[in-house]
Amino acid sequence: MKRSDIFYAKILLFGEYTVMFGSKVLSIPFTHYQGSLRFLNSENYTDYAYARKSNSNLRDFQEYLLKANNSITSLFDMEGFDKDLKSGLYFESSIPQGYGIGSSGALVAAFYAQYAFRPLRRIAHLPQKEMTEIKQLFSLLESHFHGKSSGIDPLNAYFAQPLIIENDEINRTRIPRPSDFNKGAIFLVNTGRIGKTGPLVTRFLENYEEPQYQKRINEELIPVNNNCVQYLVKGQLKYFYSELRLLSRLQLELFQEMIPDGFAELWQKGLDEDSYRLKLLGSGGGGYLLGFTGNYEKVSKQFESAGLEVLPVYEQSRN
């Protein structure tokens, strides 16, 4: 095996759930967490039990691939993968699982980069056709871990750049610099619980069958989600925060089952005090919640005084 690259976690800023119905998605790499393929040997300082479990999980992934159609496995060096698994291959990762920040996406990206016979170049401009094809392939690969995958997490991990995705169109983008947020920040709140994507997605799709719920998703949530993406990438932060308030309120109403117990009150408090906005990160149910504020120092102290871990994603450096 050639030396493995490092692949980062991801933050899905906007588009959870609504991505299934063609909404805009904005996803950014999160370099605080990362992972890479390694071999378990005497030179690695790692948790031996963790490495063995990771190797076992990769063997399950191998079995899934071998049961898939030949058009997928023919793209990869499955013999080399098998040989490396027998030699102790595992995925060394600091990305917490079940927290909505792309642990399986980073693994899939690492596998693709290492074992694809003709991996796509990670360059600034790729034809839409190639971007769409690799997203579809990533979706099939990551489905082993979630039952159903959009392919966005591995895509973000592989290219390590902010991405806007709408239907089948994928574009790299930029978001405002941390300094543009002044005292503000994008941050994570640790719920202290592990979320499970599959059951929550199933529940959402069941809810979506109800006509009134479907109407609110299509006519309220998706337009507001798309406005948030548009205003953020254009740097129109005044309009962005206004739409974000609407999005946070809608998610509180529509995704009650996805908000961990005890956090709805905290969510509502931010809206009432107009001091921060919370939203789901990924499917919810646990893991991290995503927060936005115009005064990170003040808000982070509020959360920490309540015994909650807060992690900045995007803030102006304090020198």
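I will try to describe carefully the structure that is included in this document. (Residues numbered from 1 in each chain as written. Predicted model: local features only at pLDDT ≥ 70, side-chain atom pairs only at ≥ 80, totals over all residues. Heavy atoms only, no water.)

Attention now goes to the overall build of the protein chain. Tallying secondary structure elements over the protein chain gives 11 helices and nine strands in all. Over its C-alpha trace the protein chain gives a radius of gyration of 20 Å, about what one expects of a compact globule, namely 20 Å for 319 residues. A principal-axis box enclosing the C-alpha atoms of the protein chain has dimensions of 55 × 45 × 35 Å. Residues counted as buried form 51% of the 319 residues belonging to the protein chain. Within the protein chain, contacts between residues at least 6 apart in sequence are counted, and of these 72% link residues at least 24 apart. (Helix = DSSP H or I, 4+ residues; strand = E, 2+ residues; numbered from the N terminus. Rg over C-alpha atoms; globule rule 2.2 N^0.38 Å. Buried < 20%, exposed > 50% of the residue type's maximum accessible area, 1.4 Å probe, protein only. Contact = heavy atoms within 4.5 Å.)

This part is about the pattern of salt bridges. For the structure shown, the criterion picks out 14 salt bridges. The partner of lysine 10 in a salt bridge is aspartate 153, with the nearest N and O atoms 3.2 Å apart. Residue lysine 10 is located in strand 1 (residues 7-14), and its partner aspartate 153 is located in helix 6 (residues 152-159); the two are separated by 143 residues in the primary sequence. Relative accessible area serves as the criterion here: at 4%, lysine 10 is assigned to the buried category. Taking the relative accessible area as the measure of exposure, aspartate 153 reaches 16% and is therefore buried. Close ionic contact of arginine 216 with glutamate 253 constitutes a salt bridge, the shortest N to O distance being 2.8 Å. (Salt bridge = Lys/Arg side-chain N within 4 Å of Asp/Glu carboxyl O.)

Locating threonine 191 in the fold gives a position in the loop between strand 6 (185-190) and helix 7 (197-208). A residue is classified by how much of its surface remains accessible, and threonine 191, at 8% relative accessible area, is buried. A polar contact of 2.7 Å, which involves the side chain of threonine 191, links it to the backbone oxygen of glycine 287. Filtering out sequence-adjacent residues up to four positions away, threonine 191 remains in contact with Pro260, Phe263, Gly286, Gly287 and Leu289. (Polar contact = N/O pair within 3.5 Å; in protein donor to acceptor, adjacent residues only side chain to side chain.)

This brings us to the environment of glycine 307. In this fold, glycine 307 is placed in the loop between helix 11 (296-305) and strand 9 (310-315). When its relative accessible area of 65% is taken as the criterion, glycine 307 is described as exposed. Taking the C-alpha atoms as reference points, glycine 307 and leucine 221, separated by 86 residues in sequence, lie 31 Å from one another.

With that settled, consider the packing of helix 1 (residues 48-67) against helix 5 (residues 128-146). Following both chains from N to C, one finds helix 1 and helix 5 inclined at 125 degrees, their axes separated by 10 Å at the closest point. By the angle between their axes, helix 1 is oblique relative to helix 5. For the pair helix 1 and helix 5, the crossing hand works out as right-handed. Within the contact between the two elements, helix 1 uses Asp60, Phe61, Tyr64 and Leu65 and helix 5 uses Leu140, Leu141, Ser143, His144 and Phe145. Residues belonging to the contact of helix 1 with helix 5 are distributed by class as follows: six nonpolar, two polar and one charged. (Axes fitted to C-alpha atoms, helices over the stretch in contact; angles between N-to-C directions. Parallel < 35°, antiparallel > 145°, perpendicular 65-115°, else oblique. Left-handed = near helix turned anticlockwise from the far one by under 90°. Nonpolar A, V, L, I, M, F, W, Y, C, P; charged D, E, K, R; others polar.)

Bringing the packing of aromatic side chains into the picture now. One pair of aromatic rings is described through two measures. These are the centre distance and the angle between the planes. Per the stated rule, a full pass over the model turns up 31 aromatic pairs. Pairing phenylalanine 14 with phenylalanine 292 gives two aromatic rings, centres 5.8 Å apart and planes at 20 degrees, and the pair type is stacked. Of this pair, phenylalanine 14 sits in strand 1 while phenylalanine 292 sits in strand 8 (residues 288-293); the two residues are 278 residues apart in sequence, bridging distant segments of the chain. Note on accessibility: phenylalanine 14 and phenylalanine 292 belong to one class, buried. A ring pair is formed by tyrosine 50 and tyrosine 90, whose centres lie 6.5 Å apart and whose planes are at 85 degrees; its orientation type is edge-to-face. Taken as a pair, tyrosine 50 in helix 1 and tyrosine 90 in strand 3 (residues 89-93) lie far apart in primary sequence, 40 residues in all. Overall, the relative accessible area of 27% leaves tyrosine 50 in the partly exposed class. (Phe/Tyr/Trp six-rings, centres within 6.5 Å; stacked < 30°, edge-to-face > 60°.)

The subject of this paragraph is the layout of surface pockets. Estimates place the volume of the second largest pocket at around 350 Å³. Around the second largest pocket, the lining is made up of 13 residues, and of these Ile28, Pro29, Pro162, Ile175 and Tyr314 lie nearest the centre. When contributions to the lining of the second largest pocket are tallied by element, the ones reaching two or more residues are strand 2 (24-39) and strand 9. Here the lining of the second largest pocket gets five residues from one element, more than from any other, and that element is strand 2. Residue composition of the lining of the second largest pocket, by class: seven nonpolar, four polar and two charged. (1 Å grid on protein atoms, 1.4 Å probe; cavity = no way out; pocket = protein on both sides within 12 Å on 5 of 7 lines; lining within 4 Å. Points joined across faces, edges and corners; volume = space filled by probe spheres on them.)

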